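Single-letter residue listing:
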Amino acid sequence: MGRLEGKVALVSGAARGQGRSHALRLAEEGADIIAFDICEAIPENSYPPATEADLAETVRLVEALDRRIVAEKADVRDAAQVTALVDRGVAELGRLDVVSANAGIGGAFNRSEDIPDDEFMNMVNINLTGVWRTAKAAIPHLKAGGNGGAVILTSSDAGLFPYENISHYVSAKHGVIGLMRTLALELAPDMIRVNAICPTTVNTPMVNNEGTFKLFRPDVENPTVDDFKQAATTMNALPIPWVEAVDISNALVFLASDEARYITGVALPVDAGAAIK
């Protein structure tokens, strides 16, 4: 405990799922939190959106850990919203040390030639350009602090190798890896480290929904979570269907901490061995 004592961390997509888990683990290690989430539906998503009540619960849970938090609605597609939130959070909490650019969507599933143009562009705008906007808003504050820092971008195993029927998602997540490597070089002189985490299937609302079940089990008319588990387990080397959000958060805390002080430019799979199958 206390590996991030006295530091401030920014987390996007913090209302639930991996984002909430990241905010809580960072807070458990002593960090104060700047958090945001769109808290609105994305039309092409196959699962219900996070809500303002979800974000309020993240706030409650962080404050229960006796940490400060600045949180509000903001959309990673809107640079002005993201920049204003980051600026306000830093003004209130005094500094910025860690960035978790985590916000993203799963989208709908289709063959590449059948993906509507606006859906492809919206996926890239959220899952890649939104990551860049989050980093862009944070970098001036990281540099101004003069203490170095850690930026962790959420990619995916889909950023390392392809999957059928989600070419827009795969393209965006591959792009996150390229962005991470470029930022790592650009920010190294300021001792700001930049890495990416590449999860396998994670047990969150983005994955545990009917749309994902059908993607993994097109052979079943109305697939259940148990049908999905069977298919998901075949993806991983370890005999499990998914990892938990806290497993990703634990890796993020490590990368944010001084234990990883010389690790930069790395795409770290947290994937039960999926990348080696």
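Here, every reference points to the structure presented above.
Residues numbered from 1 in each chain as written. Predicted model: local features only at pLDDT ≥ 70, side-chain atom pairs only at ≥ 80, totals over all residues. Heavy atoms only, no water.

A. Spatial organisation of the pairing of strand β5 (residues 149–154). Buried residues dominate β5, accounting for 6 of its 6 residues. Every second residue of β5 is oriented toward a common face, with Gly-149, Val-151 and Leu-153 on one face and Ala-150, Ile-152 and Thr-154 on the other, all of them buried. Taken together, the 4 bridges between strand β4 (residues 98–101) and β5 define a ladder with parallel strand orientation. Paired with Ala-101 across the two strands is Leu-153, which belongs to β5. Taken together, β4, helix α4 (residues 117–145) and β5 constitute a β-α-β crossover, and its handedness is right-handed. In this structure, β5 lies alongside strand β6 (residues 192–199), joined through 6 bridges in parallel fashion. Its bridge partner lying in β6, Gly-149 is registered against Ile-192. (Buried < 20%, exposed > 50% of the residue type's maximum accessible area, 1.4 Å probe, protein only. Helix = DSSP H or I, 4+ residues; strand = E, 2+ residues; numbered from the N terminus. Pairing = 2+ DSSP bridges. Right-handed = clockwise from strand over helix to strand, strands pointing away.)

B. View of the packing of aromatic side chains. Applying the stated criterion to the full structure yields 4 aromatic pairs. Ring centres of Phe-216 and Phe-228 lie 5.0 Å apart, and the angle between their planes is 80°; on these two criteria the pair is classed as edge-to-face. Of this pair, Phe-216 sits in helix α6 (residues 210–216) while Phe-228 sits in helix α7 (residues 225–235), placing them 12 residues apart in sequence. A connected cluster of aromatic rings, assembled from ring pairs, spans Phe-213, Phe-216, Phe-228 and Trp-242. (Phe/Tyr/Trp six-rings, centres within 6.5 Å; stacked < 30°, edge-to-face > 60°.)

C. Broad picture of the nonpolar core. Judged by nonpolar contacts, the single largest core of 46 residues is most densely connected at Leu-10, Ile-34, Val-86, Leu-96, Leu-153 and Leu-183. Contributing elements (two or more residues each) for this core: β1 (8–12), β2 (32–37), α3 (79–93), β4, α4, β5, α5 (167–187) and β6. Contacts of Ile-34, omitting those with residues within four sequence positions, involve Val-8, Ala-9, Leu-10, Val-11, Val-70, Leu-85, Val-86, Gly-89, Val-90, Leu-93 and Leu-96. Counting residues in hydrophobic clusters, the runner-up holds 29 residues, among them Leu-26, Val-59, Ala-245 and Ala-251. (Core = buried A, V, L, I, M, F, W, Y, C linked by side-chain atoms within 4.5 Å. Contact = heavy atoms within 4.5 Å.)

Distances and angles like these do not, on their own, reveal function.
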